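Structural characterization, general
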Amino acid sequence: MNNLQIKYYYYIHGFASGKSSSTFQKIKERIPHATALTFDSAKSYQENIESLTSQIVDDKDSCCIIGTSLGGFYAMALTEFAYRCAGRVLINPCVTPKTSLRKFIGECPNFETGSIFTFTEEVCNSYPEKLDIVPLSRGIPTGVLLAKDDELLDYRIAEKVLKPYTYIRYILGGHGLTQKLFFFLCFKLHKPKFKFSW
């Protein structure tokens, strides 16, 4: 188990959201030094990977990455890079983005700003078909929160992919971060050393 001290907490929002999302604001209440990494849902997967990577502080201190929904997928992908990731938390993560995002092709509202953007079939097809299991098997502690009543993603798909490599806790409360789940999450993240016991 990785017991590196955590210096940076990064949060990655979901599809059609942003750094002002209610989830991130709740996390900031308990972890004031947390930073949101943002991506543009109208841009391709590779463009967003490059953008997210450029937002990470390039030093030798360790970090924890928290991702919700599509942000959970990006949280896993970012551990391919060279910075020290001591832990990851995935909240109702999307593990089959190309399939899951297909229903959004067309005009989409940004849930944070209300503005409309176009999500094209080309952009949808730029995403991988499924989560690469290589980053999962590298010994980085990964906690997963799966809502059995998630109205957007079937938790059983993520469960099948993630169960051999992660610590899963099953919850109720739908796709978003409920107040009860928020307090539980912050309790786990606020410990001085990163270790999952759920």
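Each chain has its residues counted from 1, following the order in which its sequence is written. Owing to the predicted nature of the model, reporting of local features is limited to residues with pLDDT of at least 70; listing and counting of side-chain atom pairs is limited to 80 or more, with chain, interface and lining totals taken over all residues. In computing side-chain properties, one takes all heavy atoms of the structure into account and sets aside hydrogens as well as water.

1. Notes on the pairing of strand β6 (residues 116-119)
- Think of it in three bands: residues with accessible area under 20% of the maximum for their type are buried, residues over 50% are exposed, and the middle band is partly exposed, with areas taken using a 1.4 Å probe on protein chains only. Put simply, DSSP H or I for four residues or longer makes a helix, DSSP E for two residues or longer makes a strand, and each gets a number counted from the N terminus. Of the two faces of β6, only one is covered, namely that formed by Phe117 and Phe119; the face formed by Ile116 and Thr118 stays uncovered.
- A pair of strands is labelled paired if DSSP reports no fewer than 2 bridges between them. With four bridges joining them, strand β5 (residues 106-109) and β6 adopt antiparallel strand pairing. Bridge pairing links Cys108 to Phe117 in β6.
- Hairpin connection between β5 and β6: a loop of six residues separates the two successive antiparallel strands, and Gly114 in this loop has a positive phi of roughly 85°.

2. Some remarks on the sheet that holds strand β4 (residues 85-91)
- The six strands are arranged β2-β1-β3-β4-β7-β8 in an open sheet whose pairing can be described as parallel. Each of the sheet's edge strands pairs with one partner strand only, and the pair in question is β2 (35-37) and β8 (167-171). Averaged over all pairs of adjacent strands, the angle between strand axes in this sheet comes to 20°, irrespective of strand direction.
- Examined bridge by bridge, strand β1 (residues 6-12) and β2 share three bridges and lie parallel to one another. Within β2, the position partnered with Ile12 by the bridge is Leu37.
- Residues are treated as being in contact if the distance between any of their heavy atoms lies within 4.5 Å. Between N-to-C directions, angles cover 0 to 180 degrees, with each direction set by a line fitted to C-alpha atoms, over the stretch in contact for helices. Along the sheet face, helix α3 (residues 70-78) touches β1, β2, β3 (62-68), β4 and β7 (142-147) and points at about 150° away from the line of β3.

3. Quick look at helix α2 (residues 45-54)
- Regarding α2, the residues found buried are Tyr45, Asn48, Ile49 and Leu52. Down the axis of α2, the buried side of the element spans an arc of 105°, and every buried residue falls inside it.
- Residues of α2 that are buried sit in contact with β1, β2 and α3. Throughout, the arc means the angular range of directions from the helix axis out to the C-beta atoms.

4. Remarks on the packing of aromatic side chains
- Stacked, tilted and edge-to-face pairs are distinguished by plane angle, under 30 degrees for stacked and over 60 for edge-to-face with tilted covering the rest, among Phe, Tyr and Trp rings (Trp via its six-membered ring) whose centres lie within 6.5 Å. Applying the stated criterion to the full structure yields 11 aromatic pairs.
- Both rings, one in Phe15 and one in Phe119, keep their centres 5.0 Å apart while their planes meet at 75°; by these two values the pair is edge-to-face. Linking Phe15 in the loop between β1 and α1 (22-30) with Phe119 in strand β6, this pair joins segments that are 104 residues apart in sequence. Across this residue pair, the class does not change: Phe15 and Phe119 are buried.

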